[in-house]
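Residue-level listing of the chains:
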Amino acid sequence: MPHPKDERTFVIIKPDGVQRALVGEIIKRYERTGLKLVGVKFGVAEEKKFWDHYNKDDAWFLKKGTKIAEDKKAAGLPVEKEPIEYGKDIIRQLVKFMTSGPVLMMVWEGNQAAAVVRKITGDTEPATSDVGTIRGDLTVDSYGIAAVDDRAVRNLIHCSENVDEAKREIPIWFTDKEMTEYRLVGEQILYDVNLDGILE
Ligand code: ADP
């Protein structure tokens with residue numbers, strides 16, 4: 001049985017995060033929780049990899065597409081497709097966005113890594129994400145403007161939704177050898193059962 005502190009999750013700083021020069025600020029927010037960085041890659045990724053990565057199902061297309069059709073109607077724009085097709089368009093737009101410039105891919109490790117990263121990142125739509133989260137504090141995009149302009153929401157980050165998603169996503173982007181197993185000195189205060197050796 002792996003120990004809970006060995007949980008891993010996958011994060012991408014999207015092209016808007018790199019272009020806004022927010023790489024350092026974003027890494028700082030994850031790093032200061034005590035999570036450990038075990039893998040990093042920077043560059044322009046292949047489109048095909050993003051199609052593997054964003055393997056959404058029909059329920060997701062329908063839910064997202066219905067919202068887009070509503071947003072278009074609210075903006076006085078014509079609704080010309082079935083909602084599910086608008087949902088599928090998101091992935092096409094997203095792949096275009098994700099390959100428009102370099103991104104930073106990371107693997108973070110620690111107790112509840114996936115949930116902690118989700119919490120710090122914030123909800124998908126930056127305009128309504130909580131204050132204090134990366135998406136809530138550092139950008140302004142919304143579903144409404146994305147629907148008007150037929151594009152993906154630019155929300156700085158991708159992060160795995162849960163451990164199972166992380167287990168599927170990490171091997172798409174990293175081999176085992178590209179991740180590093182090591183100890184951080186600070187991990188002792190987070191995880192050691194007996195905190196011997198602190199007092200002199
Ligand atoms: P998250 O990235 O928070 O896990 P989803 O998995 O629901 O969110 O969506 C994946 C990505 O697709 C989002 O991060 C965003 O860039 C884009 N996206 C999601 N919903 C919409 C939408 N209604 N319109 C445009 N882009 C969207």
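Residues numbered from 1 in each chain as written. Predicted model: local features only at pLDDT ≥ 70, side-chain atom pairs only at ≥ 80, totals over all residues. Heavy atoms only, no water.

(A) Main features of the pairing of strand 1 (residues 8-13). Across the six residues that make up strand 1, a large majority, six, are buried. Going residue by residue along strand 1, you find R8, F10 and I12 tucked away on one face and T9, V11 and I13 tucked away on the opposite face as well. Taken together, the six bridges between strand 1 and strand 3 (residues 103-109) define a ladder with antiparallel strand orientation. In the strand pairing of strand 3, I13 is matched with L104. When strand 1 meets strand 4 (residues 157-159), the two strands line up antiparallel, connected through three bridges. The residue bridging I12 from the neighbouring strand is H158, located in strand 4. (Buried < 20%, exposed > 50% of the residue type's maximum accessible area, 1.4 Å probe, protein only. Helix = DSSP H or I, 4+ residues; strand = E, 2+ residues; numbered from the N terminus. Pairing = 2+ DSSP bridges.)

(B) Region of interest: the domain arrangement of the protein chain. Entries for the protein chain in the domain assignment read domain 1 (1-44 + 103-200) and domain 2 (48-100). Taking the mean C-alpha position of each, domain 1 and domain 2 sit 24 Å from one another. For the domain 1 and domain 2 pair, buried surface summed over both sides reaches about 1,700 Å², with 64% attributable to carbon and sulfur atoms. Our count for the contact surface shared by domain 1 and domain 2 stands at one salt bridge. Taking the shortest distance from any N to any O, the salt bridge between K72 and D150 comes out at 2.9 Å. Applying the counting criterion to the domain 1 and domain 2 interface returns nine residue pairs in polar contact (both at pLDDT 80 or more). Looking at the side of domain 1 that touches domain 2, the elements with two or more residues in it are strand 1, helix 1 (15-19), strand 3, helix 8 (143-148) and helix 9 (163-173). For the side of domain 1 that touches domain 2, a count of residues per class yields 13 nonpolar, three polar and seven charged. (Domains from an automatic or database assignment. Buried area = accessible area lost by both parts, 1.4 Å probe. Salt bridge = Lys/Arg side-chain N within 4 Å of Asp/Glu carboxyl O. Polar contact = N/O pair within 3.5 Å; in protein donor to acceptor, adjacent residues only side chain to side chain. Nonpolar A, V, L, I, M, F, W, Y, C, P; charged D, E, K, R; others polar.)

(C) Quick peek at the pairing of strand 3. Counting buried residues in strand 3 gives seven out of seven residues, a clear majority hidden from the surface. Pairing geometry for strand 2 (residues 36-43) and strand 3, over seven bridges, is antiparallel. Residue pairing across strands places K41 opposite M105, the latter belonging to strand 3.

(D) Here's a closer look at the packing of helix 4 (residues 58-74) against helix 5 (residues 83-98). Where helix 4 contacts helix 5, the two axes come as close as 6 Å, and the packing angle between them is 105°. On the basis of their axis angle, the class for helix 4 and helix 5 is roughly perpendicular. Contacts between helix 4 and helix 5 pair D58, W60, F61, L62, K64, G65, T66, I68, A69 and K72 from the former with P83, I84, Y86, G87, K88, I90 and I91 from the latter. Considering only residue class, the contact of helix 4 with helix 5 consists of ten nonpolar, three polar and four charged. (Axes fitted to C-alpha atoms, helices over the stretch in contact; angles between N-to-C directions. Parallel < 35°, antiparallel > 145°, perpendicular 65-115°, else oblique. Contact = heavy atoms within 4.5 Å.)

(E) Spotlight on the packing of aromatic side chains. This model, assessed by the stated rule, comprises six aromatic pairs. Geometrically, the ring pair formed by F10 and W173 is stacked, given 6.3 Å between the ring centres and 10° between the ring planes. Of this pair, F10 sits in strand 1 while W173 sits in helix 9, placing them 163 residues apart in sequence. Residue class for F10 comes out buried when judged on its relative accessible area of 0%. You can call W173 buried: its relative accessible area is 5%. Considering the side-chain rings of Y30 and W108, the 5.8 Å spacing of their centres and the 55° angle between planes classify their relative orientation as tilted. Here Y30, found in helix 2 (residues 23-31), pairs with W108, found in strand 3; they are 78 residues apart in sequence, far enough to count as distant. Relative accessible area serves as the criterion here: at 0%, W108 is assigned to the buried category. Three or more aromatic residues link up through ring pairs in this structure, and these residues are F10, F50, Y54, W173 and F174. (Phe/Tyr/Trp six-rings, centres within 6.5 Å; stacked < 30°, edge-to-face > 60°.)

(F) Representation of a nonpolar patch on the surface in the model. Together, I189, L190, L195, I198 and L199 give the surface a local cluster of nonpolar side chains, amounting to about 530 Å² of exposed area. Structurally, L199 is set in the segment after helix 10 (187-191). Since its relative accessible area comes to 79%, L199 is described here as exposed. (Patch = residues over 30% accessible without salt bridge, like charges linked within 9 Å, V, L, I, M, F, W, Y side chains within 5 Å. Areas by Shrake-Rupley, 256 points an atom, 1.4 Å probe, with all protein chains shown as cover.)

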